[in-house]
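Remarks on the overall topology
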Amino acid sequence: MTDQLEHQVHEFLAHLAVERNLSPRTVEAYARDLRQFAAWLAAEGLAFERLEKAAIRRYLGARRDDGLSARSAARALSALRAFFRFLLTTQALTQDPTADLASPSLWRTVPHALTPEEIEALLAAPDTSTPLGLRDRAMLETLYATGLRVSELVALTRDRLRLDPGYVRVIGKGRKERVVPLGDSAVDWLERYLEGARTGLDRSQRPEVFLNHRGARLTRQGFWKILRGHAVAAGITSTISPHVVRH
């Protein structure tokens, strides 16, 4: 492990232990996965700062060839995702090579996951020439890009949204805060919504990002109705829920 990579791993593990308050056992599991990844990089002669998605796939494939289970491979990918997202937020890196990589065990754990074609159709369903359609597109893009829980999505406030460099600070279960990166597409649609449609919806200076047609905070039930309506318009016949879209 290079000195720079070792320093970054140390900072990340300290972040997990101090700021995220994870248990020592969990932090050690992250440390073990990252040490194994660093050893593989050294053996392959790859520079950490210039990694691409293909290299992450090769690493996971090598681990599977060594007998790693799909569940353990998924955990290893989860550790890498968390590490690279941490480096993005600290501006140590400018791109995340784990972005959009499917979990090795995703197809087993989420039996009703939407196909890429269904996701594209769902995202394109809202009529973005209208204020509410623009809001809906921004919501769906945000949900798809971040994997937020619906309760977190509707509670998201403007002061926790950072479109440049592109992330959100989320208050989750147990009042724990985490930083979640946004993709370029989500940032683009959020900018359009915030600069246009939201101004007309906000009649009382609400803090939430997403508002209903009366200018009040959108509820979980309200979001579910919106999602179901766009799923019908997109021609999706499989069972759909906010949980399915998250995955």
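These remarks concern the structure in this document. As the structure is a computational prediction, the values presented were derived from the model and not from experiment.

Focus on unusual backbone geometry
- Residue Pro165 is bonded to the preceding Asp164 through a cis peptide linkage, with omega at 25 degrees.
- Considering the arrangement of structural elements, one finds Pro165 in the loop between strand 1 (161-162) and strand 2 (167-171).
- With a phi angle near 55 degrees, Asn21 is a residue other than glycine that sits in the positive phi range.
- Mapping Asn21 onto the fold places it in the loop between helix 1 (3-19) and helix 2 (24-44).
- The phi dihedral of Gln91 falls on the positive side, at around 65 degrees, and the residue is not glycine.
- Mapped onto the secondary structure, Gln91 falls in the loop between helix 4 (70-89) and helix 5 (106-109).
- Residue classification places Gln91 among the exposed positions, given a relative accessible area of 62%.

Details of the pattern of salt bridges
- If you walk through the whole model with that rule in mind, you get 12 salt bridges.
- Ionic pairing is found between Arg178 and Glu152, a salt bridge with its closest N-O pair at 2.8 Å. In this pair, Arg178 is assigned in strand 3 (residues 177-181) and Glu152 in helix 8 (residues 150-155), connecting sequence segments 26 residues apart.
- Arg178 gets classed as partly exposed once you look at its relative accessible area, which sits at 28%.

So, the sheet that holds strand 2
- One open sheet accounts for three strands, arranged 1-2-3; its pairing is antiparallel. Each edge of the open sheet carries a strand with a single partner, namely strand 1 and strand 3.
- Pairing between strand 2 and strand 3: five bridges, direction antiparallel. Counted as the bridge partner of Ile171 is Glu177 from strand 3.

Points about the packing of helix 7 (residues 131-146) against helix 10 (residues 220-233)
- With their axes 11 Å apart at the nearest point, helix 7 and helix 10 run at an angle of 95 degrees to one another. Between helix 7 and helix 10, the angle is such that the two are roughly perpendicular. For the pair helix 7 and helix 10, contact is made by Arg135, Asp136, Met139, Leu140 and Leu143 and by Phe223, Ile226, Leu227 and His230, respectively.
- When its residues are assigned to classes, the contact of helix 7 with helix 10 shows six nonpolar, one polar and two charged.

Section: the environment of Ala31
- Counting through the fold element by element, Ala31 comes out in helix 2.
- The sequence separation of Ala31 and His10 amounts to 21 residues, and the corresponding C-alpha distance is 8.7 Å.

Looking at helix 7
- Compared with the 22 Å implied by 1.5 Å per residue over 16 residues, the 23 Å span of helix 7 between its first and last C-alpha is a close match.
- Most of helix 7 sits out of view: 12 of its 16 residues are buried.
- Residues of helix 7 that are buried: Gly133, Leu134, Arg135, Asp136, Arg137, Ala138, Met139, Leu140, Glu141, Thr142, Leu143 and Thr146.
- A positive phi of about 70 degrees marks Gly147, the residue just after helix 7.

Here's the deal with the packing of aromatic side chains
- Applying the stated rule across the entire model yields nine aromatic pairs.
- Here the aromatic rings of Phe37 and Trp40 are separated by 6.5 Å at their centres, their planes lie at 15 degrees, and the arrangement is stacked. Residue Phe37 and its partner Trp40 are located together in helix 2, separated by three residues, close to a single helical turn.
- Classification of Phe37 by relative accessible area gives buried; the value is 2%.
- Their ring planes at 20 degrees and their centres at 5.7 Å tell us that Tyr193 and Phe210 sit as a pair that is stacked.

Some remarks on the environment of Pro165
- Taking the relative accessible area as the measure of exposure, Pro165 reaches 53% and is therefore exposed.
- C-alpha of Pro165 to C-alpha of Pro181: the two residues are 16 residues apart in sequence and 8.8 Å apart in space.

Observations regarding helix 2
- An ideal rise of 1.5 Å per residue puts 30 Å on 21 residues; helix 2 measures up with 30 Å between its terminal C-alpha atoms.
- Looking at helix 2, one finds that the buried residues are Val27, Ala29, Tyr30, Ala31, Asp33, Leu34, Phe37, Ala38, Trp40 and Leu41.
- Positive backbone phi, approximately 70 degrees, marks Gly45, located one or two places after helix 2.

Cut-offs used in this document
- Residues numbered from 1 in each chain as written.
- Predicted model: local features only at pLDDT ≥ 70, side-chain atom pairs only at ≥ 80, totals over all residues.
- Heavy atoms only, no water.
- Helix = DSSP H or I, 4+ residues; strand = E, 2+ residues; numbered from the N terminus.
- Buried < 20%, exposed > 50% of the residue type's maximum accessible area, 1.4 Å probe, protein only.
- Salt bridge = Lys/Arg side-chain N within 4 Å of Asp/Glu carboxyl O.
- Pairing = 2+ DSSP bridges.
- Axes fitted to C-alpha atoms, helices over the stretch in contact; angles between N-to-C directions.
- Parallel < 35°, antiparallel > 145°, perpendicular 65-115°, else oblique.
- Contact = heavy atoms within 4.5 Å.
- Nonpolar A, V, L, I, M, F, W, Y, C, P; charged D, E, K, R; others polar.
- Expected span 1.5 Å × (residues − 1).
- Phe/Tyr/Trp six-rings, centres within 6.5 Å; stacked < 30°, edge-to-face > 60°.

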